[in-house]
Amino acid sequence: MTLSNIPEERFDKLRNEISDYENIKDRIFTGIEDYEKILYQKKKILKYLNATEEDYNNYHWQIKNRFTSAEGISKIIDLSETDLKYINEVASKYRFAVSPYYLSLIDPQNSDCAIKKQAIPAVEELNDLGELDPMDEKGTAIHDIITRRYPDRLIIKITNVCGMFCRFCQRRRHIGETDKVVPRAKIQTAIEYVRENREIRDVLITGGDAFLVSDEMIEWMLKELRAIPHVEIIRFGTRTPVTLPQRITKNLVDILKKYHPIFVNTHFNHPREITPESKIACEMLADAGIPLGNQMVLLNGVNNDKYVVRKLNLKLLTIRVKPYYIFHPKTVKGTSHFWVKIEEGLEIMESLRGRTSGLAIPTYIINGPKGLGKTPIMPNYLLCLGKDKASFRNWQGEYFEVENFGADA
């Protein structure tokens, strides 16, 4: 039965636009799709640490038992003598730690594993290209723990603790040698600054990882900030749904939802990070009415691939996380092996438009050096803007014009 007079060739053309992705997507595994292998690694970790399932599900245990030595990691994944040597050499310069949970995500049969590249030190980190503070956070800091670059919002950094110290971290200079939570008195000073500056309507709490302080401290901060009439939005920056989903507890969620509107931005970089555990963590937050956004960093060898990014973004939507930003990598010292060309990011953005829902299309951002702020980049669809007409190309490269008339034409 014919349901439309539109030629079938038109729909064939649409199908062909995504046939390349359809042919490859099943070879890009999420953690849910490859969970059997992750469970096998988890069993090895439990045995090595002489731990129980109850231990594993406790985020305090996860933090206490982070892997911090090459020798410990070598008990879970195969490392050569050269690997051990370089990990120890890098670790003497840049601290590392990996939660047992995140370590279980490494595919031991894939030498090119995107999880391994993010978590395990590599010899390339000894390359000193770049700067420790390319964003000049120090130059825009107020009272040590506040960064302010925009008129109506600011960042408060409350800890250096993370479930896993990402090898590309923009704040690796703050990691130090020990875990530290900022004293309450210093945070109180930051809150007073917010109180005294009435134009501040949006406060982002971050770190380190903002959720790796106690529930009591989180509630105290939220209560203090919510008592300030001009603070409209409170946001948390956290990677715990990705690296330590056990941290998303009922008690934490119950605290957060008392102080709406609360927003959470998290940080998935690869489909393999989407596991049953991370799905549960994100859904607990979403069920509490907390909008979730994802801030992916574009990383060489991890996700600078249009099919990997498309699968990541599509699967994030299924766990109720909106792809929010793709960040162009910052030129942090020791991370040059992760850097990519801007053209690679533009190609990825071009591959998303029209081929998937706008919900799955984030904004591609490059950060201006020395604190110049976030600047969006996108493929150029506007070709010419004239007084009476504008010319464009669409996502398929087809040319069209529109009249450029205002109400007084």
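Just so you know, these numbers come straight off a predicted model, no measurement behind them.

A. Region of interest: the overall build of the protein. For the protein, the count of helices and strands is 16 helices and 13 strands. Taken over the C-alpha trace, the protein has a radius of gyration of 23 Å; the compact-globule value for 409 residues is 22 Å, and the two agree within 12%. Within the protein, the fraction of its 409 residues that count as buried is 50%. Of the contacts made within the protein by residues no fewer than 6 positions apart, 76% connect residues no fewer than 24 positions apart. Entry remark: accessible area of the protein is about 19600 Å², with carbon and sulfur atoms responsible for 53%.

B. Spatial organisation of the pattern of salt bridges. All told, the structure shown has 33 salt bridges when counted by the stated rule. Close ionic contact of Glu22 with Lys25 constitutes a salt bridge, the shortest N to O distance being 3.0 Å. On the basis of relative accessible area, Lys25 is assigned to the partly exposed category, the value being 25%. We note a salt bridge from Arg272 to Asp34, for which the minimum N-O separation is 2.7 Å. One end of the pair, Arg272, is in the loop between strand E6 (262–266) and helix H14 (276–287); the other, Asp34, is in the loop between helix H2 (19–24) and helix H3 (35–49), with 238 residues separating them in the sequence. Residue Arg272 shares its accessibility class with Asp34, and that shared class is buried.

C. Focus on the packing of aromatic side chains. In the structure shown here, the tally under the stated rule is seven aromatic pairs. Plain terms: the ring middles of Phe211 and Phe236 are 5.1 Å apart, the flat faces sit at 45° to each other, and that makes the pair tilted. A residue pair is termed long-range when its members are at least 10 positions apart, and Phe211 in the loop between strand E4 (202–206) and helix H11 (215–226) and Phe236 in strand E5 (residues 233–237) qualify at 25 residues. Pair check on accessibility: Phe211 and Phe236 agree, each one buried. The rings of Tyr324, Tyr325 and Phe327 are connected pair by pair, giving a single aromatic cluster.

D. Quick look at the sheet that holds E5. Read across the open sheet, the ten strands follow the order E1-E2-E3-E4-E5-E6-E7-E8-E9-E10; overall the sheet is mixed. Of all strands in the sheet, those with a lone pairing partner are strand E1 (141–142) and strand E10 (373–377), marking the two edges. Direction of pairing for strand E2 (residues 146–147) relative to strand E3 (residues 153–157): antiparallel, over a ladder of two bridges. Looking at the pairing, Thr147 lines up with Ile155 of E3. In the packing of helix H15 (residues 306–318) onto the sheet, the strands contacted are strand E7 (292–297) and strand E8 (322–327), and the crossing angle to E8 comes to about 145°.

E. Highlighting the sheet that holds strand E11 (residues 382–385). The three strands are arranged E11-E12-E13 in an open sheet whose pairing can be described as antiparallel. One side of each edge strand has no neighbouring strand; the edge strands of this open sheet are E11 and strand E13 (399–403). Across this sheet, the average inter-strand angle for adjacent strands is 20°, counted without regard to direction. Pairing of E11 with strand E12 (residues 389–393) involves three bridges; the strand directions are antiparallel. If you follow Leu385 over to E12, its bridge partner there is Ala390.

F. Here's a closer look at helix H10 (residues 184–196). Across its 13 residues, H10 extends 18 Å between first and last C-alpha, which sits within 8% of the 18 Å expected from 1.5 Å per residue. Three or more residues of H10 are buried, namely Ile187, Ala190, Ile191, Tyr193 and Val194. Taken down its axis, H10 places every buried residue within 150° of arc, on the same side. What points out from H10, more than 90 degrees from its buried face, is the exposed set Ala185 and Glu196.

Scoring rules and cut-offs
- Residues numbered from 1 in each chain as written.
- Predicted model: local features only at pLDDT ≥ 70, side-chain atom pairs only at ≥ 80, totals over all residues.
- Heavy atoms only, no water.
- Helix = DSSP H or I, 4+ residues; strand = E, 2+ residues; numbered from the N terminus.
- Rg over C-alpha atoms; globule rule 2.2 N^0.38 Å.
- Buried < 20%, exposed > 50% of the residue type's maximum accessible area, 1.4 Å probe, protein only.
- Contact = heavy atoms within 4.5 Å.
- Areas by Shrake-Rupley, 256 points an atom, 1.4 Å probe, with all protein chains shown as cover.
- Salt bridge = Lys/Arg side-chain N within 4 Å of Asp/Glu carboxyl O.
- Phe/Tyr/Trp six-rings, centres within 6.5 Å; stacked < 30°, edge-to-face > 60°.
- Pairing = 2+ DSSP bridges.
- Axes fitted to C-alpha atoms, helices over the stretch in contact; angles between N-to-C directions.
- Expected span 1.5 Å × (residues − 1).
- Arc of directions from axis to C-beta.

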